[in-house]
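Structural features, examined
Given next are the chains, with one letter for each unit.
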Protein chains: 2
Amino acid sequence: MQSDIEIAQEAELKPISEIAEAAGLQQSDIEPYGFDKAKIKFDHLTNRPMKGKLILVTSINPTPAGEGKSTVTVGLADALNAGEKSAMVALREPSLGPVMGMKGGATGGGYAQVVPMADINLHFTGDFHALTAAHDLLAATLDNSIYQGNVLKIDPRRVIWKRALDINDRALRHVTIGLGGPTSGVPREDGFDITVASELMAILTLSTDLMDLKARIKRIVVAYTYDKEPVTVDDLGVAGALTVLLKDAVKPNLVQTLAHTPAIIHGGPFANIAQGTNSILATQTALRLADYVLTEAGFGADLGGEKFLDVKVPRLGKHPDAIVVVATVRALKHTGGQALADLQNENLDALEKGLANLGQNLKAMQSYGVPVLVSVNRFTSDTEAEIKLIQDFVAKQGSQAFLTEVWAKGGAGATELAEAVQDAVEEKSTFTKLYEDDDDLMVKINKIVKKIYGGRQAVLADKAQKQLAEFKQRGWDKLPVIMAKTQYSLTDDPKRLGAPKDFDIHIREFIPKLGAGFIVAMTGKVLTMPGLPKVPAATKIDIDENGQITGLF
Amino acid sequence: MQSDIEIAQEAELKPISEIAEAAGLQQSDIEPYGFDKAKIKFDHLTNRPMKGKLILVTSINPTPAGEGKSTVTVGLADALNAGEKSAMVALREPSLGPVMGMKGGATGGGYAQVVPMADINLHFTGDFHALTAAHDLLAATLDNSIYQGNVLKIDPRRVIWKRALDINDRALRHVTIGLGGPTSGVPREDGFDITVASELMAILTLSTDLMDLKARIKRIVVAYTYDKEPVTVDDLGVAGALTVLLKDAVKPNLVQTLAHTPAIIHGGPFANIAQGTNSILATQTALRLADYVLTEAGFGADLGGEKFLDVKVPRLGKHPDAIVVVATVRALKHTGGQALADLQNENLDALEKGLANLGQNLKAMQSYGVPVLVSVNRFTSDTEAEIKLIQDFVAKQGSQAFLTEVWAKGGAGATELAEAVQDAVEEKSTFTKLYEDDDDLMVKINKIVKKIYGGRQAVLADKAQKQLAEFKQRGWDKLPVIMAKTQYSLTDDPKRLGAPKDFDIHIREFIPKLGAGFIVAMTGKVLTMPGLPKVPAATKIDIDENGQITGLF
């Protein structure tokens, strides 16, 4: 069997100018980055209506067995684009850290990939590097302000803006900086996050234009004074410089799938401490160009799905016309209790138990009032009985499950699902918000806990309780909420698989992200700087004298 | 008077495809990065001969009064390109850190600039970001190796591979990492260098192809074991991944001057702890394409000039056909003792004293056996008497001084110098090496001290003495030497201006850079991570809703 990169390298890519033309773009609308990548000048397109039908691809709670959400998104787009109408993909960009660490790339798989696979997984068009540079320039100006007389009265013990690198590096999680004597800064505790966890990433992907980007950057709270008053980027006076550093990163990137379907790959915020979806500008651009726009959200429906619908949709100005929830027999059996090593064996009991998780995620998505379909992403070990069990279960929940074989067959492996999606998006439906913008923070959170997770209520730790009072005073208590919760469970305990009932969600603290414009509710420890495994993926990667890359997956 | 960025923004740039064609490149030889930037696929060109005449632009010891070396290089190229033969510029890339700090950009000035000025000074084609990513991936895998059982027996107190960011951030000079308990690494002292100080930058700019790059990366010494044996990148097994990260960064970048002269801007190593010149591949590529190739080296003739001639030339396979030493009346008066605030007033005494510095640098360059000319980069305050004094002095030294006014007039301000250069490169000359490859390290160093600096000898501190013995044992004692010395003086004391006599150069320690393939001789403290000034340049930079940038200079 060929590896993803082998399949990607054998593909004959079309010049990006041709892809742009097929997508309805003028040559003056794009800035080519090499033969097969381009930036889209989105401001040229704002007079076009968002005519496309939007299809959100999400999934059950992820498991180590894998679901293939990106792969289904790409395969489904290829299937839809093969018909008379046009389709486009709008995905997130992969982060370099995990590519060199353990996870590998994030460009789909098999015959359902976006290409050039290696470039997209490496530096791509430099968006993440621009974010890293902007993030660390902000940190440097902050420490410089403390060092050069501290006129803003920043309390070095209350700096919340850490530093960032797009790398997996556990040794940088907790550091002390400013050592080495009086000419090398003021000593204080600090740490590094991976770039995708930067608030600038959340901001870049929520901004609707360059000036919105700048306005949001100005509002970022980076520290507190000795009097516990917030210090913002505006106070430091570098919002202009940071926006300049992001002037190209804010433009969506155009590439193609293996079947030459135009694909916009742009932005990649975490789905726990941020909204977990690609950029507003990318999705808007795709909606102006294609009849069908396929997009996905990070982790499962409870995390990325909810955030897409509650946080992104109001700013996007468009709700999905259909939602696809991806599941696999293997993942459902794993969440139902079957060990990873046994997943190739039929186990209807485990599957039945695991289906409860699909059930809750399906119900959560259905509550938004748009058609929801299920994609069962097929593996060779799946038995007929197992597939039938899923299909019957889904039918009972008022939806339909379709087999997809996109890894092996590309778009041809998703024709049935594509037809169902085409019908679904034409159905008359009314998008129903989970909460209103001016609901209080706790009202919002409790609606998410009940309707999305199937839980009882949110319980606040003392610190969170105190913060809530402070937010009310500062006028931050009506902002959208971002739930930072384990992706593995509907609860806040990663070990509770399936669909638990009668549980509480424990909120330890809130993190206000005023630039992004939301409040993060922390339900547990979220690792914002991953580590490398014993044998990092980087040790397998090589390149030969012809520039042929091996070991990237 | 218009600022550099205003002049640059008003310029009408030609599409990079046209510039490439004018330079003799096929469209298949380039990878466009937007409208006005491209990467050159150098491996397509290796069958072409290096037909061009090479002109090295260097200067007196730099002063705060400014010399305008890049500006002369660009203006002279424009002047030469205006004639029947073709000319190209081959310069270094600016570093983002100083752009946001104090120094501003490094793309020439006035009407002698390379453009797009803002892009080149910001992310350009991402080369420095790729270097940062590769540098820090290496650091992460090193700490991960210590954390995951330390099979290489790395002594955490003897790690010499620091981390890097392309930023001015004094608070990161000295840090402790790996804090926060047993799951977050092993605590140790560490620090960050600015990316241009990374050995990877020196390597990228000395490599002759992708496999040479990989071979050099393998040889980098990153740490020592508990038994004091060197640990290399090869031992960590990530040379392939690092090379993959640099696969595009190694390709030279094509842009243009305001007069549409093709310009290759590539690489930017420090001229104190590294060779201080643009890449071998960039210069080779330019020599294959143009009749005249104008290049420069960092700091003055004693630092960048010497390194260009002794370290770069043997690997480039081509020596300069002429050398231009840039000076200004103001800088010479400053080095002759006149205060910065008084430089607009005529002062023949100070000038006379300052000319000694020009004299030594001129003599040093003349010792290589190729024609040397002097460019007096004119300011409005310069008097006729001052100019005459310089011209007479230079004539007595067997050279000729030409007035240039490239800031105000572009190429038209360098026609006389251009004519002289055209004649000079046709002169019969014999390039004379300062030292032989197999000279001992101390023989090399003492030749530099005597012939280039005009000093007496090098004196080694105890540590350096000990290292010398160790290098002999390891077989490192025949490598080229990189003198890390203050740029402000011919001595190792930045306060001794002019051309001191009978001085010793004190070498505190050596730093072996086995990947780059040279030994750095440290004569004092070299700051490899700058700090931000009280009012960083970043606070002046802004962008409006049309994407117009202001405050970048």
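Since the model is a prediction, treat every value here as computed from it, not as a measurement.

**Some points on the pairing of strand 17 (residues 322-327) of chain B**
Residue and element names in this part refer to chain B.
- Among the six residues that make up strand 17, six are buried, leaving the element largely enclosed by the rest of the structure.
- Burial along strand 17 is two-sided: Ala322, Val324 and Val326 and Ile323, Val325 and Ala327, pointing in opposite directions, are all buried.
- Sheet topology places strand 3 (residues 53-59) next to strand 17; five bridges connect them, and they run parallel. Residue threonine 58 lies in a different strand from strand 17, and its bridge partner there is valine 325.
- Note that strand 17 and strand 18 (residues 372-377) share five bridges and pair parallel. Bridge pairing in strand 18 links valine 326 to serine 375.

**A short note on the confidence of the model for chain A**
- Looking at chain A, pLDDT values average 95 and 99% of them are 70 or higher.
- At the level of chain-chain contacts, confidence expressed as ipTM amounts to 0.96, with global pTM at 0.97.

**Quick notes on the nonpolar core**
- One finds A:Ile445, A:Phe510, B:Ile445 and B:Phe510 to be the most contacted residues of the largest nonpolar core, which totals 323 residues.
- Aside from chain neighbours lying at most four places away, what touches A:Phe510 is A:Leu441, A:Met442, A:Ile445, A:Leu460, A:Ala464, A:Gln467, A:Leu468, A:Phe471, A:Ile519, A:Val520 and A:Ala521.

**Topic: the packing of helix 14 (residues 348-366) of chain A against helix 15 (residues 384-396) of chain A**
All names here are of chain A.
- At a minimum axis separation of 10 Å, helix 14 and helix 15 run at an interaxial angle of 30 degrees. At the point where helix 14 passes helix 15, the crossing takes the right-handed sense. Seen from helix 14, the contacting residues are Leu348, Leu351, Glu352, Leu355, Leu358, Gly359 and Leu362; seen from helix 15, they are Ala385, Glu386, Leu389, Ile390, Phe393 and Val394.
- Counted by class, the contact of helix 14 with helix 15 contains ten nonpolar, one polar and two charged residues.

**Here's the deal with the interface of chain B and chain A**
- The interface is formed by 66 residues belonging to chain B together with 66 residues belonging to chain A.
- Taken over both partners, the interface formed by chain B and chain A buries close to 5500 Å², and the fraction arising from carbon and sulfur atoms is 68%.
- Linking chain B with chain A are six salt bridges.
- For the interface between chain B and chain A, the tally reads 29 residue pairs in polar contact (both at pLDDT 80 or more).

**A few points about the relation of the copies chain B and chain A**
- Here chain B sits on chain A after a turn of 180 degrees about the axis and a move of 0.0 Å along it, with an RMSD of 0.0 Å. Such a combination of rotation and displacement between the chain copies is what one expects of a two-fold axis. Of every C-alpha in chain B, the one belonging to B:Tyr33 sits nearest the axis of rotation, 2.2 Å from it.
- In this assembly, 100% of the residues forming the interface of chain B have copies in chain A that are likewise at the interface, indicating an isologous arrangement.

**Here we look at the packing of aromatic side chains**
- By the definition in use, this model includes eight aromatic pairs over all chains.
- Ring plane angle 0 degrees and centroid distance 5.5 Å describe the contact between A:Phe192 and B:Phe192, whose orientation is recorded as stacked. In this pair, A:Phe192 is assigned in strand 11 (residues 192-194) and B:Phe192 in strand 11 (residues 192-194), connecting two distinct chains. Here A:Phe192 and B:Phe192 have matching classes, each one buried.

**Things to note about the domain arrangement of chain A**
All names here are of chain A.
- You can read the domains of chain A as domain 1 (4-125 + 249-424), domain 2 (127-245) and domain 3 (441-523).
- Buried area between domain 1 and domain 3, summed over both chains or domains, comes out near 1900 Å², and the portion from carbon and sulfur atoms is 62%.
- It is Ile273, Asp302 and Gln360 that lose the most area in domain 1 upon contact with domain 3, and together they represent 27% of the buried surface on that side.
- For the interface between domain 1 and domain 3, the tally reads one salt bridge.
- Our count for the contact surface shared by domain 1 and domain 3 stands at eight residue pairs in polar contact (both at pLDDT 80 or more).
- Contributions of two or more residues to the side of domain 1 that touches domain 3 are made by helix 12 (301-316), helix 13 (329-335) and helix 14.
- Sorting elements by how many residues they give to the side of domain 1 that touches domain 3 places helix 12 first, with seven residues.
- Per-class residue counts for the side of domain 1 that touches domain 3 are ten nonpolar, eight polar and five charged.

The rules behind each value
- Going along each chain's sequence as written, the residues are numbered from 1 onward.
- Following the order in which they are written, the chains are lettered starting with A and the ligands numbered starting with 1.
- Local features in this predicted model are restricted to residues of pLDDT 70 or higher, and side-chain atom pairs are both shown and tallied only at a pLDDT of 80 or more, whereas totals for entire chains, interfaces and linings draw on every residue.
- Excluded from the side-chain calculation are hydrogens and water; included are all heavy atoms of the structure.
- The buried label goes to any residue with under 20% of its type's maximum accessible area, the exposed label to any with over 50%, and the partly exposed label to all in between, with areas taken from a 1.4 Å probe on protein chains only.
- For the purposes of this entry, the term helix denotes a DSSP run of H or I that reaches at least four residues, the term strand denotes a run of E that reaches at least two, and both are numbered from the N terminus.
- Strands were regarded as paired on the criterion that DSSP finds at least two bridges between them.
- One number per residue, pLDDT, summarises how confident the predictor is, and it ranges from 0 to 100.
- In these notes, a set of buried Ala, Val, Leu, Ile, Met, Phe, Trp, Tyr and Cys residues joined through side-chain atoms within 4.5 Å is what counts as a nonpolar core.
- Two residues form a contact once any of their heavy atoms are found within 4.5 Å.
- Here, axes are lines fitted to C-alpha atoms. For helices the fit covers the stretch in contact, and angles between N-to-C directions go from 0 to 180 degrees.
- The hand of a helix crossing depends on one turn: near helix anticlockwise from the far one by less than a right angle means left-handed, and clockwise means right-handed.
- Any residue outside Ala, Val, Leu, Ile, Met, Phe, Trp, Tyr, Cys, Pro, Asp, Glu, Lys and Arg is labelled polar, Gly included; the first ten of those are nonpolar and the last four are charged.
- For any pair of parts, buried area is found by adding up, for both, the accessible area (1.4 Å probe) each one loses once the two are put together.
- Basic side-chain nitrogens of Lys or Arg form a salt bridge, by our definition, when they fall within 4 Å of a carboxyl oxygen of Asp or Glu.
- Polar contacts here mean pairs of N or O atoms no more than 3.5 Å apart (in protein, one a potential hydrogen donor and the other a potential acceptor; neighbouring residues in sequence count only if both atoms are side-chain atoms).
- For this overlay, a least-squares fit was computed on C-alpha atoms, restricted to residues scoring pLDDT of at least 70 in both copies.
- Note on aromatic pairs: the rings of Phe, Tyr and Trp (six-membered ring only in Trp) are paired at centre separations within 6.5 Å, and the planes decide the class, stacked below 30 degrees, edge-to-face beyond 60, tilted for the rest.
- Annotation comment: domain bounds sourced from an automatic or database domain assignment.

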